[in-house]
Amino acid sequence: MNPIKNISRRTFVKSVGLASGGLILACNTSVFSDKEKDENKDLTNFNPNLFVQLNSDGSLILIASRSEMGNGVRTSLTSVIADEMDADWTKVIVQQAVGDAKYGDQNTDGSRSVRYLYEPMRKMGAMARAMLISAAAQTWKVPVTECTAENHFVLHSSGKKIAYGDLVEIAKNLEVPTEITYKNPKDFKYIGKKLRGVDTEEYSNGSAIFGLDKRLPNMKFAAMQRCPVTFGTVKSFDKTAALKVAGVIDVIEILRIAKPFGTLGGIAVIASNTWAAFKGKDALKIEWDLGDNASYDSEKYMKQITENVHKQGKVGKDVGNVNKAFKNAHKIVESTYQLPHLAHAPMEVPNAVAWVQGDSCEVWAPTQDPQSARKEVADYLETPEDKVTINVTFLGGGFGRKSKPDYVVEAVAISKAINAPVQIVWTREDDIKHGYYHTVSSQYLKASLDKQGNVTGWLNRFALPSIASTFSPGVDYPAGFEISSAANVPFDIKNMKVEVGQSPAYVRIGWLRSVINIPHGFSQNVFADELAVAAGKDPLEFRLNLIGKDRIEETEDPIKYNTARLKNVLKLATKNANWGKPLPEGHAYGLSVHYSFYSYVASVVEISMAFNKVKVHNVYTVIDCGQTVNKDTIKAQMEGAAIFGMSLAFYGKITAKNGAIEQSNYSDYKMIRMNEIPKVHVEIVESTEIPTGVGEPGVPVIAPAIVNAIFKLTGKRYYNLPLSDYGLV
Amino acid sequence: MITLQINGEKHKIDVAPEMPLLWAIRDIVGLTGTKYGCGIGVCGSCKVLLDNSPVQSCMIPVSAAEGKNVITIEGVSKNLQLLQESWTALNVPQCGFCQPGQLIAATALLDKISEPTDEEINEAMIGNICRCGTYQRIKNAIHRTVELKKQG
Ligand code: FES
Ligand code: FES
């Protein structure tokens, strides 16, 4: 069955948010994907999830199923269709899809949007072009072979031409072609080119509507006080003072929902404006039952998990014989690395608007995963999912935080209780203190070198509270997916062992931009640098040797990794940085290379130090992410990732005392600012391989490269982050 | 009753005088381009021009803005408009959320210094956080605007 159909004359187009009229193609992308749920694979029924509509005025509407959060996905995906279709970029309109399984997987996470949708998008564009060409050929009564398409027109060899819009009426009656020809990649006009973002103007004039900007008639504003300790509950509360605040309408208790994405619960203040809600919240008097997590002290916890990695752990991987390698070693190197919790802190705090009416509910929210939000809301209201509409607004940053719809459930709970539309707004303090934190980790690495400086044995033993603990309370060891990025290191080492230590969770643990690659990328890259020093070799030469000969590594993943591509990005990054050439006095380089989200990234950083403070001057990043779709988006993502990586290297640290998070705002959870930025130089490897992740893989390389550069410059090795703890920034 | 003059238009609003200007603009007047990011004056998302000076609207009470001229991102100013063009041309925004505040800070800078150096840009923009890390493009877009103005 053809996964793409002409549905111009079908009645259900309205249900996907398109006005009827025009030429409408629909595609079932699950045919192309390696991951979509099995029910979508049932090809006897046509369940399209991707739609494109060409109207007679020439406008081309595309439904974007993925969320825009600064990742440029609305632009990238649209450009693929527009290019294959030979459409005019200025005629493209992107419409955001509501959260619904009919759009296929909408979770904008794991850097995979482009990977899954690239092929179906191309195919749809190519089909539309072919149909328009045959419509023109019919009109002119000429063979299709005499017609070509260009920039929203079909041209005939005689020189006459006709606009796409004028062909719609004929094209919409045509069957989709069974055979199509794709454009030659060298003729791409948009794919792989620098392209203006479809939303840039709205972002620059203040008209873009983020979740926080949604307004409904008679909408109330709410803020909520949650227990300082994760999963603590309300014992009693006094709302008198809060109710006295001008503008406060009501104060209600919201119970915790003990689900991964359920609300933490607390006391909600409903008001006629945000500020009154915030003030009312501050005026609340609440007595808490702090619960089991009140003992959490992150400093003590670090000591405890560090002890756990200094003794035998559970085996996650065991190849060859590490002990024998260690026994026969010429040299042994061992180090322990400690990294703290991090918070996402997207510029736009969690927020959502909900309006519950009877058994139906409509939501407007900045969410990375509208389908999961829909499911949570339907569960909460005990109503069927088709009674719940999730409208996706722009996201003021996500980084993983906004794929967890606890804040959406809160808005729904409050709207239901007060029987009115309401917007819940987290304060920045709420965001920092009640997040889904990036894990805290301790990692012990030990390796043996032979006389020639080759690594003969490698042990990585680490402990970190697992993301799995958020889904299965009680999980107290790292999970399989957290082990694999330590186990699949692309190093050619005969004897390798990975062990994990006990590490229970006392706060909600969640994924944050590049996830487990932050600790693993850090320890592997710093340790490799230490080994190079121990072997008396240049870090670049040592690293290339450690990766070893060109080979495709067999893993369970659908996409295999290729050590030649890994070495290539490293060679290019060092070449761009002029690695090995003299630098200005007092400057030094550090390098780092990491494979994640199926992409290969290397970074070289150039630093100097004055008065014991690190200054990063240049970052040379090279990424190989397969066929590129929008080069400028990739470049922007690498630039942003360098800053994100620097923020965590310099300042990123969330700590807990007596179960409560100690940081509160950007004042004590600091970010890199304009005066600290380096020049970021980005090279994107030309490739025809499958497109792979871009949003995340640029992050993990930055911190270790900086630490390696500091060592080069000062001879001092720093094992823990952030660097502000050492007074280095 | 407090009378605010925002982007040349007068708004009579009935709010507590200590309500921060930010919330009066967003929730009472209904202009949502000005953003909440921290509420304590450290992120710059809420910047507006108050009689041509950049201020964090989360930090000043609405009463302090009375009788003054408030310009928000929705407003019109020569430099703002030129900067917006550069922002688009260089694809500055990622998530876009911080950009109204960045543009207001940059406008105030160019209103004061027609050809700022990198250091002067740093100083003017240091109060504005961009979690997406678009700083380099912001800097380039400011330089580009200056260049275009020089060429007339
Ligand atoms: S919201 Fe005003 S400075 Fe951050
Ligand atoms: S563009 Fe996202 S915070 Fe600046």
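Time to look at the overall build of chain A. Along the backbone of chain A there are 18 helices and 30 strands. For chain A, whose C-alpha radius of gyration is 27 Å, the value lies close to the compact-globule estimate of 27 Å for 729 residues. Along the first, second and third principal axes, the C-alpha atoms of chain A reach 80 × 70 × 50 Å. When the 729 residues of chain A are sorted by exposure, 64% land in the buried category. Across chain A, every contact between residues at least 6 apart in sequence was considered, and the portion connecting residues at least 24 apart equals 76%.

Helix-helix packing is characterised by the crossing angle of the two axes and by the distance between the axes. Residues and elements named next belong to chain A. Packing of helix α15 (residues 539-547) against helix α16 (residues 563-576) brings their axes to within 10 Å, and their N-to-C directions diverge by 170°. With respect to their mutual orientation, α15 and α16 come out roughly antiparallel. Residues Leu 540, Arg 543, Leu 544 and Ile 547 of α15 form the contact with α16, whose participating residues are Thr 563, Leu 566, Lys 567, Leu 570, Lys 571 and Thr 574. Its residues assigned to classes, the contact of α15 with α16 shows five nonpolar, two polar and three charged.

Here the focus is the domain arrangement of chain B. Residue and element names in this part refer to chain B. Its domain assignment divides chain B into domain 1 (2-71) and domain 2 (78-150). Here the C-alpha centroids of domain 1 and domain 2 sit 21 Å apart. Summed over both partners, the interface of domain 1 with domain 2 comes to about 970 Å²; 62% of that surface belongs to carbon and sulfur atoms. When the area that domain 1 buries against domain 2 is broken down by residue, the three leading residues are Lys 35, Lys 47 and Leu 49, summing to 44%. On the surface where domain 1 and domain 2 come into contact, there are four residue pairs in polar contact (both at pLDDT 80 or more). Sort the elements by how many residues they give to the side of domain 1 that touches domain 2 and strand β3 (residues 47-50) lands first, with three residues. Among the residues forming the side of domain 1 that touches domain 2, the class breakdown is seven nonpolar, three polar and two charged.

Many analyses report the size of an interface as the accessible area lost when the parts associate. Counting residues at the interface gives 61 residues for chain A and 49 residues for chain B. Here chain A packs against chain B, burying approximately 4500 Å² in sum over the two surfaces, 58% of which is carbon and sulfur. Looking only at chain A, the three residues that lose the most surface to chain B are Trp 275, Met 347 and Met 674 of chain A, adding up to 19% of its buried area. On inspection of chain A and its partner chain B, the count reaches six salt bridges.

Residue and element names in this part refer to chain A. Taken together, the seven strands give an open sheet; going across it, the order is β11-β12-β9-β19-β16-β17-β18, and neighbouring strands pair in mixed fashion. The sheet terminates laterally at β11 (248-254) and β18 (388-392), the two strands that pair on one side only. Across the sheet, the mean angle separating the axes of adjacent strands is 25° when strand polarity is ignored. Pairing geometry for strand β17 (residues 360-365) and β18, over five bridges, is parallel. In the sheet register, Val 363 faces β18, and the bridge partner there is Ile 390.

So, on to the domain arrangement of chain A. All names here are of chain A. Domain boundaries in chain A define domain 1 (23-198), domain 2 (211-291 + 350-425) and domain 3 (298-342 + 437-726). Taking only C-alpha atoms into account, the centre of domain 2 sits 37 Å from that of domain 3. Taken together, the contacts link 14 residues of domain 2 with 14 residues of domain 3. Between domain 2 and domain 3 lies a buried interface of about 1000 Å² when both sides are counted; carbon and sulfur atoms form 61% of it. For domain 2, the biggest contributors to the area lost against domain 3 are Thr 230, Pro 260 and Phe 399; these three give 46% of the whole. In this structure, Asp 406 and Arg 508 form a salt bridge, with 3.2 Å as the shortest nitrogen-oxygen distance. Scanning the region where domain 2 abuts domain 3 turns up four residue pairs in polar contact (both at pLDDT 80 or more). Residue classes in the side of domain 2 that touches domain 3 are distributed as seven nonpolar, four polar and three charged.

How each quantity is defined
- Residues numbered from 1 in each chain as written.
- Chains lettered and ligands numbered in written order.
- Predicted model: local features only at pLDDT ≥ 70, side-chain atom pairs only at ≥ 80, totals over all residues.
- Heavy atoms only, no water.
- Helix = DSSP H or I, 4+ residues; strand = E, 2+ residues; numbered from the N terminus.
- Rg over C-alpha atoms; globule rule 2.2 N^0.38 Å.
- Buried < 20%, exposed > 50% of the residue type's maximum accessible area, 1.4 Å probe, protein only.
- Contact = heavy atoms within 4.5 Å.
- Axes fitted to C-alpha atoms, helices over the stretch in contact; angles between N-to-C directions.
- Parallel < 35°, antiparallel > 145°, perpendicular 65-115°, else oblique.
- Nonpolar A, V, L, I, M, F, W, Y, C, P; charged D, E, K, R; others polar.
- Domains from an automatic or database assignment.
- Buried area = accessible area lost by both parts, 1.4 Å probe.
- Polar contact = N/O pair within 3.5 Å; in protein donor to acceptor, adjacent residues only side chain to side chain.
- Salt bridge = Lys/Arg side-chain N within 4 Å of Asp/Glu carboxyl O.
- Pairing = 2+ DSSP bridges.

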